[in-house]
Amino acid sequence: MRTWLIGALAAAVFAALPPPAAATADTVVVASKIDTEGALLGNMIALLLERHGISVENKSQLGPTEIVRRAILAGQIDIYPEYTGDGAVFFKLESDPVWKDAGRAYEKVKALDWERNRLVWLAPAPADNSWAIALRKDLAMSQRLATLSDFARYVVAGGRVRLAASAEFVESPSALPAFERLYGFTLKQSQLLVLAGGDTAATIRAAAEGTSGVNAAMAYGTDGALAVLGLVALADDKGAQIVYQPAPVVRAAVIERHPEMPSILDPVFRSLTLETLQRLNAKIAVEGLDPTAVAADYLRAKGFIE
């Protein structure tokens, strides 16, 4: 997911990463972002490559977006799952409408990353993991809130809202500010509970449990914990969000050494529908199962590994 970290902390974490993988033996360094879905997808990639005879160093849940992105550009990792919509930020094209169309967004980021960074985007999953705002079901039902337009009217009318979110969600122009601009509402600082890290499992649980008066949460489209914990995601009826499809991104030099990678990974990512990712994410975030075990069970059940 889109977990970012900026400033001195990001620099410190990045500086602590090992030397570029290319300087070591022919081992593919697999990484992912720090959140639940990052752990799931990163471990899937690592397991698949290992089962096809490729030596792997697994660095799943390495850090937020900025850290992982800088690491692959520096050659310190070789492959990780990224989201097509993050290309809008990477290439400073946030206002380009291309990002709201799944097919065009994928082709755009694929072309730009190849041309400028020699990074290869493999096949994306047919699931949109866009930012969302989720409400406690009791609030949504009692106030008849189903869409973000409904939510905006409720906020403007003085309805009680306290939203749990990450700093990235609150600050990133593509997240809460995008919702506020398009729908015409503003959440005050007192209406926000900013939690460390970027994992929506924490924000969703805070809303479900009413922590510090929280009744709304930052969420993603593929969050499996929403229904389980009694929350509902509000429909983005005006299209504030761009499309975030997950796909493996790999350095060109690594693809050259392992040209079989697309045939290994593409069928798996194409099988990851929205409902599938919600179910698998719930096993980790709600049931507390190990991400590696969840990834392995899915791959075995679908016949991708033995």
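As shown above, the structure is provided for reference.
All of these numbers come straight from a predicted model, not from anything done at the bench.

The rules behind the values
- Per-chain numbering applies: the sequence of each chain, read as written, is numbered from 1 onward.
- The predicted nature of this model means local features are confined to residues of pLDDT at least 70 and side-chain atom pairs, given and counted, to a pLDDT of 80 or more, with totals for whole chains, interfaces and linings taken over all residues.
- The side-chain quantities take in all heavy atoms of the structure and omit both hydrogens and water.
- Only runs of H or I of at least four residues qualify as helices and only runs of E of at least two qualify as strands under DSSP, and these elements are numbered from the N terminus.
- Here's how the labels work: a residue is buried when its accessible area is under 20% of the maximum for its type, exposed when over 50%, partly exposed in between, all with a 1.4 Å probe on protein chains only.
- Criterion used throughout: strands pair if DSSP finds at least two bridges between them.
- In this analysis an axis means a line fitted to C-alpha atoms, helices contributing only their contacting stretch, and an angle means the value between N-to-C directions, from 0 to 180 degrees.
- Should any heavy atoms of two residues lie within 4.5 Å, those residues are considered in contact.
- Side-chain atoms alone can form a polar contact between residues adjacent in sequence; in general such a contact is a pair of N or O atoms within 3.5 Å, and within protein one must be able to donate a hydrogen while the other accepts it.
- Roughly parallel covers angles under 35 degrees, roughly antiparallel covers those over 145, roughly perpendicular covers 65 to 115, and oblique covers all other angles.
- Crossings are sorted by hand: turned counterclockwise from the far helix by less than a right angle, the near helix makes the crossing left-handed, and turned clockwise it makes it right-handed.
- The term salt bridge refers to a pairing of a side-chain nitrogen on Lys or Arg with a carboxyl oxygen on Asp or Glu at a separation within 4 Å.
- Pairing of aromatic side chains here covers Phe, Tyr and the six-membered ring of Trp, requires ring centres within 6.5 Å, and sorts the geometry by plane angle: under 30 degrees stacked, over 60 edge-to-face, intermediate tilted.

> Even after reading the chapter, I still don't get the side chain of Asp-86, so can you show me in this structure?
Inspection of the secondary structure assignment puts Asp-86 in the loop between β3 (79-83) and α4 (87-90). The exposure class assigned to Asp-86 is buried, which follows from its relative accessible area of 1%.

> Is there a simple way to think about the sheet that holds strand β5 (residues 131-136) in this case?
Strand pairing in a sheet is mediated by backbone hydrogen bonds. Such pairs are either parallel or antiparallel. Within the open sheet, the 5 strands sit side by side as β7-β6-β8-β5-β9. Their pairing is mixed. The open sheet has two edge strands, β7 (192-195) and β9 (231-233), and neither has a second partner. Strand-to-strand twist of the sheet, defined as the mean angle between neighbouring strand axes without regard to direction, takes the value 35 degrees. Where β5 lies against strand β8 (residues 216-220), 5 bridges are found, and the strand directions are antiparallel. Bridged to Ile-133 within β8 is Met-218. Helix α9 (residues 176-183) contacts β5, β6 (163-166) and β7 of the sheet and is inclined by roughly 80 degrees relative to β5.

> Just to check I follow, could you spell out the pairing of strand β2 (residues 56-63) for this structure?
Sheet faces and side chains relate simply in a regular strand, where the side chains alternate between the two faces. As paired strands, strand β1 (residues 28-33) and β2 are joined by 5 bridges and run parallel to one another. Across the sheet, residue Ala-31 finds its bridge partner in β2, namely Lys-59.

> When you look at helix α15 (residues 291-301) in this model, what are you seeing that I'm missing?
Two residues of an α-helix separated by three or four positions point the same way, owing to the 3.6 residues in each turn. Of the residues making up α15, those classed as buried are Pro-291, Val-294, Ala-295, Ala-296, Tyr-298 and Leu-299. In this fold, the buried residues of α15 make contact with α2 (36-51), α13 (261-270) and α14 (274-285). For α15, the N-terminal cap is Asp-290; the gap from its side-chain oxygen to the backbone nitrogen of Thr-292 is 3.1 Å. Of the residues trailing α15, Gly-303 is marked for its positive phi of about 80 degrees.

> In this structure, what is going on with the packing of α2 against α13? I would like to understand it.
For any two helices packed against each other, one specifies the crossing angle of their axes together with the interaxial distance. Here α2 crosses α13 at 140 degrees, and the two axes come no closer than 10 Å. In this view, α2 runs oblique relative to α13, as classed from their interaxial angle. Taken as a pair, α2 and α13 cross one another with a handedness that is right-handed. Here Leu-41, Met-44, Ile-45, Leu-48 and Leu-49 of α2 come into contact with α13, specifically with Met-261, Ile-264, Leu-265, Val-268 and Phe-269.

> Can you walk me through the pattern of salt bridges in this structure?
Any two side chains of opposite charge can pair, given that their charged atoms come close. Applying the stated criterion across every chain, the model contains 11 salt bridges. Across the pair Asp-78 and Arg-251 runs a salt bridge, and its minimum N-O distance is 2.7 Å. Of this pair, Asp-78 sits in the loop between α3 (65-73) and β3 while Arg-251 sits in strand β10 (residues 246-251), and the two are 173 residues apart along the sequence. A relative accessible area of 0% means that Asp-78 is categorised as buried. Judged by relative accessible area, Arg-251 falls into the buried class, the value being 12%. A salt bridge links Asp-297 to Arg-300, with the shortest nitrogen-to-oxygen separation between them at 3.5 Å. Of the two residues, Asp-297 and Arg-300 both sit in helix α15, 3 residues apart, roughly one turn of that helix. The partly exposed category is assigned to Asp-297, whose relative accessible area is 48%. By relative accessible area, which is 40% here, Arg-300 ends up partly exposed. Here the salt bridges share partners, and the residues they tie into one network are Lys-33, Glu-82 and Asp-86.

> It is not clear to me how the packing of aromatic side chains should be interpreted in this structure. Could you clarify?
Geometry of an aromatic ring pair is reported as the spacing of the ring centres plus the angle between the planes. Summed over all chains, the structure comprises 4 aromatic pairs. Between Phe-151 and Phe-185, the ring centres sit 5.4 Å apart and the planes meet at 85 degrees, which makes this aromatic pair edge-to-face. In this pair, Phe-151 is assigned in helix α7 (residues 148-156) and Phe-185 in the loop between α9 and β7, connecting sequence segments 34 residues apart. Ring centres of Phe-169 and Phe-179 lie 6.3 Å apart, and the angle between their planes is 45 degrees; this geometry places the pair in the tilted category. Here the residue Phe-169 occupies a position in helix α8 (residues 167-171), and Phe-179 occupies one in helix α9, the gap between them amounting to 10 residues.

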